[in-house]
Amino acid sequence: MRGGCRLFPLLLLALLRGLCHGREPAPGAVTCGSVLKLLNTRHSVRLHSHEVKYGSGSGQQSVTGVEASDDANSYWRIRGKSDGSCQRGTPVKCGQAIRLTHVNTGKNLHTHHFPSPLSNNQEVSAFGDDGEGDDLDIWIVQCSGTYWEREDAVRFKHVGTDVFLSITGEQYGHPIRGQREVHGMPTANHHNYWKAMEGVFIKPSMDPAKHDEL
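Residues numbered from 1 in each chain as written. Predicted model: local features only at pLDDT ≥ 70, side-chain atom pairs only at ≥ 80, totals over all residues. Heavy atoms only, no water.

As a further point, take the overall build of the chain. For the chain, the count of helices and strands is one helix and 14 strands. Expressed as a percentage of the 214 residues in the chain, the buried residues total 47%. Pairs at least 24 residues apart make up 63% of the contacts formed inside the chain by residues separated by at least 6 positions. In the form shown here, the chain has an accessible surface area of approximately 10400 Å², with 52% of it arising from carbon and sulfur atoms. (Helix = DSSP H or I, 4+ residues; strand = E, 2+ residues; numbered from the N terminus. Buried < 20%, exposed > 50% of the residue type's maximum accessible area, 1.4 Å probe, protein only. Contact = heavy atoms within 4.5 Å. Areas by Shrake-Rupley, 256 points an atom, 1.4 Å probe, with all protein chains shown as cover.)

Mapped onto the secondary structure, Gly65 falls in strand β3 (residues 61-66). On the accessibility criterion, Gly65 (0% relative accessible area) is buried. Sequence separation of Gly65 and Ser166 is 101 residues, and the distance between their C-alpha atoms is 9.9 Å. Setting aside chain neighbours within four positions, we find Gly65 in contact with Val45, Arg46, Ile167, Gln179, Arg180 and Val182.

With that settled, the discussion passes to the pattern of salt bridges. Applying the stated criterion to the full structure yields five salt bridges. Close ionic contact of Glu198 with Arg46 constitutes a salt bridge, the shortest N to O distance being 2.8 Å. Here Glu198 is found in strand β13 (residues 194-202), whereas its partner Arg46 is found in strand β2 (residues 45-53), with 152 residues between them in sequence. As far as the burial class goes, Glu198 and Arg46 line up, both buried. We note a salt bridge from Arg99 to Glu132, for which the minimum N-O separation is 3.7 Å. (Salt bridge = Lys/Arg side-chain N within 4 Å of Asp/Glu carboxyl O.)

The subject of this paragraph is the confidence of the model for the chain. For the chain, mean pLDDT is 86; residues scoring 70 or higher make up 83% of the total. Note on residues 1-27: pLDDT under 50 across the span, and 33 contacts to partners over four residues away in sequence or across chains. Note on residues 206-214: pLDDT is under 50 here. Beyond four places in sequence and across chains, it has 30 contacts. (pLDDT = per-residue confidence, 0-100.)

Before going further, it helps to spend a moment on the pairing of strand β9 (residues 153-158). Where strand β8 (residues 139-142) meets β9, four bridges bridge the pair, whose relative direction is antiparallel. Bridging from a neighbouring strand, Trp139 pairs with His158 of β9. In this sheet, β13 lies alongside β9 in antiparallel orientation, the contact comprising two bridges. Paired with Ala153 across the two strands is Lys195, which belongs to β13. (Pairing = 2+ DSSP bridges.)

Let's shift gears to the packing of aromatic side chains. Aromatic rings in a pair are described by how distant their centres are and how their planes are angled relative to each other. Taken as a whole and judged by the stated rule, the model has one aromatic pair. The interplanar angle of 75 degrees and the centroid separation of 5.4 Å between the aromatic rings of Trp148 and Phe156 together place this pair among those described as edge-to-face. Phe156 sits in the buried class, given a relative accessible area of 0%. The residue whose ring lies beneath Arg150 is Phe201, and the NZ or CZ to ring-centre distance is 4.0 Å. Lying over the aromatic face of Tyr193, Arg155 brings its terminal NZ or CZ to 4.0 Å of the ring centre. (Phe/Tyr/Trp six-rings, centres within 6.5 Å; stacked < 30°, edge-to-face > 60°. Lys NZ or Arg CZ within 6 Å of the ring centre and 35° of its normal.)

Take a look at the structure:
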């Protein structure tokens, strides 16, 4: 029993080392409560939103892709599909249902049966107030291992409509010139891979104040 007690701190230290400091995401799992930017690996743009509404379709807040790595409107918070279902600091499992809440506007990543304005795929918007929207804000993390690892490319499949969060390269004009359309596609392909980039990654710790700042 004493040997087991001595071993536990070593195992805990090994776990925490998996979430080490660095300017780029280090190996380790993405955790609930973390705030991060998501890079579309095919088109090298980050998932973005802002207080600009679509002029067609739902008229909800638009979601786009931007090339800039330092845009503050590209931060998203990882949350469970319901409050309490994704405890702060808990690693996100492959196959887990999550919400992505836009930090600066408090709206959730959302999709529904409206055509997207440029490609005529399925519109992706930001919806809700203060992080509370509806059942169409829920996405499944698709990855190959046990947990969503920060160095791995993953897909996000929408629970309500079975589409994948995607970018195929179409660019907007005024007032968001150069930003890429984000939409939902029914097929899994190279346009719907995303990777965790810059952010604040909460450690799996009993102390919720501990985190990695990247």
